[in-house]
Amino acid sequence: MHELLGAAVSVPYPSWLNTGDNTWQLVAATFVGLMSLPALAVLYASIVQKKWAVNVLAMMFAGFSLVLIAWVLFSYKMGFGANSVGSGVTNGVQNQLTGVGWVKHFFDNMIGKPGGITSSVGEQGQAVSAANTAIPFHFPTTTLAYFQFVFAAITPLLFMGSVLGRIKFSAWCLLVPLWSTCVYCVDAFLLWGGGYFAQEGALDFSGGYVIHMSAGVSGFVAAWVLGPRLARDRQSAIPNNLVMAAVGAGILWLGWNGFNGGDPYYAGADAAAAVVNTNVATAAGVLVWMGMDAWFSKSKKPTFLGGVNGMICGLVGITPCAGWVNGRGAIYVGVICTVIVWFAWNFLSKVRPFSRVDDALGVIYTHGIAGFFGGMLLGIFGDPNMIEYGCGKLDAAGQVVNTSQSAYLASSAHCTPFGVAGLMYTGSAHQLWEQFRAAVWVVIWSAVVTFLLMKLIGLVLRGARYKDEILEIGDLAIHDEEAFPDEPLAHRVGGGGPGAGAFALAGLGARRDTAPPPPPPESTD
């Protein structure tokens, strides 16, 4: 054994890879993936009318798949690549931090160069991105790419809640990759990938702006272009299964541990703080919404779906600041965002333009408004003592060595620990201003591009909305399936093989080409 110490032998990974960081990042990514499939799919499919449940599931699985294929072929590098189109970022290094006019600075740092990551080097090489310039990544490109993919995937799935009950499946399959490329990747690079707003100082810990506010605005605009659901569907929007809705909501809540806990990119103290803050803010949101329903609603009764709305408000509100506020700040964020959205849900929805747009599940409120205020509240409650990256020593492979807690927290001539200085702690409104600038951009860009994409898709498909006779039927007319078939009106088709267990429904536009199975022969006993 001693003879081999200086010789090359088989090893499982290079020295730049940290097994703890790599493992946590993959686990966190899986948690976030579970937020889409099955959590959001089950939640949305359970709170719509039963005639739309299969349509929800089909669009969820198709949307998730479409984003993944585009992500590995070209769009990952548009959001998180090491090089920007205008060369403002080169090999993961930001080149234009000073001495450049704002117009050139913006467009040179607006989006990354598209490219695939399907080669052996693309999948197993060390991740390099201006998303993090302070510390080398401790995992391969595929780990970072998959982690960021599940964020990219859930964003259009969130705003699907705005357009349910009338958008064509084919229109959805065109909208998802186009929107992800033209809207999501631009916002992601600008705020997360080391682009213009990141260089200016705007911050978004895990997607209050890039994901939730963008989803809320885009869903609202898409719903406006499509027009409202059938009047009967709007008036009878009764959930089909609140128990399954609770299952989806619960997985969504706990999956958010990966959503916010994975965004420091390292399995450190700030990841743990982000997880706890996420849960604290969410609990506050649940209790506040249910309390306000009980005290201020017409029925004066707490509701489960109200609790789910409060849960989402807390989750979305804390997302842009999870690792940069302390526990008390997390409670403030959860309470404030939930109170604001409760009033918006109950009163702003009656005022134009909100009253004129049929946002089926209210995504503009629980995601758009909550995301905006969560990002702004970072500029108030950001605690400079909540350290995301401290100071210490790295070895030649980029691994932390010989760093005590006191050294980690101390500033030096070459290093300052990174935290966010909010108005409450410093008296400065600078961070608020940077947050506001980024928010304005995300709102305008998301609205304009979504409008153009919806119009383009409508032209290509001769309408992005199903005809009323199809909307009257729902899943059976669109997918030839039902989530809850009426057993007395159905018979099983086939006794085995791939098609076993399928239903043929009598009437209701069902298949008619298969006769009922013959009765069993009489006993000869």
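Small disclaimer: the values here were computed from a predicted structure and weren't measured.

Engineer: Please explain the overall build of the chain as it appears in this structure.
Structural biologist: Scanning the chain from terminus to terminus reveals 19 helices and six strands. Compactness check: the chain gives a C-alpha radius of gyration of 25 Å against a globular reference of 24 Å for 525 residues, within 12% of the reference. Along the three orthogonal principal directions, the C-alpha set of the chain runs to about 90 × 65 × 45 Å. Counting every position in the chain, which comprises 525 residues, the buried fraction comes to 52%. Sequence-distant contacts in the chain: of pairs separated by 6 or more residues, those separated by 24 or more amount to 77%. On the chain, roughly 23,100 Å² of surface is accessible, and the fraction owed to carbon and sulfur atoms is 65%. Looking at charge distribution, the chain has the averaged site of its 26 positive side-chain charges lying 12 Å from that of its 29 negative ones.

Engineer: What is the right way to look at the nonpolar core in this model?
Structural biologist: Side chains that are nonpolar tend, in soluble globular proteins, to be buried together. Formed by 121 residues in total, the largest nonpolar core has its most connected members in Y44, Y184 and Y265. By residue number, the principal contributor to this core is helix 5 (residues 141-163), which donates 14 residues. Core analysis: the second largest hydrophobic core is formed by 16 residues, F205, I318, W324 and A330 among them.

Engineer: It is not clear to me how the packing of helix 11 (residues 269-296) against helix 12 (residues 304-318) should be interpreted in this structure. Could you clarify?
Structural biologist: Helix-helix packing is described using two parameters, namely the angle between the two axes and the distance between the axes. As a packed pair, helix 11 and helix 12 sit with axes 7 Å apart at the nearest point and diverge in direction by 145 degrees. Note that helix 11 runs across helix 12; the crossing there is right-handed. Across the interface between the two elements, N277, T278, A281, T282, G285, V286, W289, M290 and D293 of helix 11 pack against G306, G307, N309, G310, M311, C313, G314, L315 and I318 of helix 12. The residue inventory of the contact of helix 11 with helix 12, partitioned by class, reads eight nonpolar, nine polar and one charged.

Engineer: Whenever I open this one, the packing of helix 13 (residues 327-346) against helix 14 (residues 363-381) confuses me. Can you help?
Structural biologist: At a minimum axis distance of 9 Å, the contact between helix 13 and helix 14 shows a crossing angle of 145 degrees. Helix 13 and helix 14 meet at a crossing whose hand is right-handed. Residues Y332, V333, I336, C337, I340, V341, A344 and W345 of helix 13 lie in contact with helix 14, whose contacting residues are Y365, T366, I369, A370, F373, G374, L377 and F381. Looking at the contact of helix 13 with helix 14, its residues break down into 14 nonpolar, two polar and no charged.

Engineer: Is there a simple way to think about a nonpolar patch on the surface in this case?
Structural biologist: A cluster of nonpolar side chains, W433, F436, V440, V443, I444, V448 and L452, forms an exposed patch at the surface whose accessible area comes to about 620 Å². Within the secondary structure, F436 is located in helix 17 (residues 430-461).

Engineer: Any chance you could explain the packing of aromatic side chains here in plain terms?
Structural biologist: Any two aromatic rings considered together are summarised by their centre-to-centre distance and by the angle between their planes. Tallied over the full model, the rule gives 40 aromatic pairs. A centroid spacing of 5.7 Å and a plane angle of 25 degrees characterise the contact between W224 and F451, whose relative ring orientation is stacked. Taken together, the positions of W224 in helix 8 (residues 208-226) and F451 in helix 17 put the pair 227 residues apart, joining distant regions of the chain. For W224, a relative accessible area of 52% puts it in the exposed group. Taking the relative accessible area as the measure of exposure, F451 reaches 28% and is therefore partly exposed. Relative to F347, the ring of F343 lies with its centre 5.9 Å away and its plane at 25 degrees, an arrangement referred to as stacked. Judged by its relative accessible area of 46%, F347 is partly exposed. Members of the aromatic cluster, connected to one another through ring pairs, are W71, Y76, F80, F137, F139, F147, F151, Y184, W192, W256, F259 and Y265.

Engineer: Help me understand the environment of A330 in this model?
Structural biologist: Here A330 shows up in helix 13. If we ignore the near neighbours within four places in the chain, the residues touching A330 are N277, A281, I318 and V325.

Engineer: Is there a simple way to explain the state of the cysteines in this structure?
Structural biologist: Chemically, a disulfide is nothing more than a covalent bond linking the sulfur atoms of two cysteines. The tally for this structure, following the rule as stated, stands at one disulfide. Not part of a disulfide, C182 finds its nearest cysteine sulfur in C185, a span of 8.7 Å. Overall, the relative accessible area of 30% leaves C182 in the partly exposed class.

Engineer: Whenever I open this one, the confidence of the model for the chain confuses me. Can you help?
Structural biologist: Any region with low pLDDT has predicted coordinates that should not be read closely. Residue-level pLDDT values for the chain average 92, and 91% of them are 70 or greater. In this model, residues 489-517 is a region of pLDDT below 50 whose contacts with residues beyond four sequence positions or in other chains number 39 contacts.

Engineer: Sorry, what's going on with unusual backbone geometry here?
Structural biologist: If a residue is not glycine, its phi is most likely negative; likewise, a peptide bond is most likely trans. Between L37 and P38 the backbone carries a cis peptide bond, its omega angle lying at 15 degrees. In this fold, P38 is placed in helix 1 (residues 19-47). For the peptide bond that leads from R352 to P353, omega is 0 degrees, which places it in the cis range. Among the structural elements, P353 can be located in the loop between helix 13 and helix 14. For K300, which is not a glycine, the phi torsion comes out positive at approximately 55 degrees. Residue position: K300 is located in the loop between helix 11 and helix 12. Despite not being glycine, N402 shows a phi value in the positive range, around 45 degrees. Within the secondary structure, N402 sits in the loop between strand 4 (400-401) and helix 15 (405-409). Accessibility expressed as a relative area gives 71% for N402, which makes it exposed.

Engineer: How should I be thinking about helix 14 in this particular structure?
Structural biologist: Since the α-helix packs 3.6 residues into each turn, any two residues three or four apart lie on the same face. For helix 14, spanning 19 residues, the distance from its first C-alpha to its last is 25 Å, which sits close to the expected 27 Å at 1.5 Å a residue. The buried fraction of helix 14 is high, at 16 of 19 residues.

Scoring rules and cut-offs
- Residues numbered from 1 in each chain as written.
- Predicted model: local features only at pLDDT ≥ 70, side-chain atom pairs only at ≥ 80, totals over all residues.
- Heavy atoms only, no water.
- Helix = DSSP H or I, 4+ residues; strand = E, 2+ residues; numbered from the N terminus.
- Rg over C-alpha atoms; globule rule 2.2 N^0.38 Å.
- Buried < 20%, exposed > 50% of the residue type's maximum accessible area, 1.4 Å probe, protein only.
- Contact = heavy atoms within 4.5 Å.
- Areas by Shrake-Rupley, 256 points an atom, 1.4 Å probe, with all protein chains shown as cover.
- Lys, Arg positive; Asp, Glu negative; His and termini not counted.
- Charge placed at Lys NZ, Arg CZ, Asp CG, Glu CD.
- Core = buried A, V, L, I, M, F, W, Y, C linked by side-chain atoms within 4.5 Å.
- Axes fitted to C-alpha atoms, helices over the stretch in contact; angles between N-to-C directions.
- Left-handed = near helix turned anticlockwise from the far one by under 90°.
- Nonpolar A, V, L, I, M, F, W, Y, C, P; charged D, E, K, R; others polar.
- Patch = residues over 30% accessible without salt bridge, like charges linked within 9 Å, V, L, I, M, F, W, Y side chains within 5 Å.
- Salt bridge = Lys/Arg side-chain N within 4 Å of Asp/Glu carboxyl O.
- Phe/Tyr/Trp six-rings, centres within 6.5 Å; stacked < 30°, edge-to-face > 60°.
- Disulfide = S-S within 2.5 Å.
- pLDDT = per-residue confidence, 0-100.
- Expected span 1.5 Å × (residues − 1).

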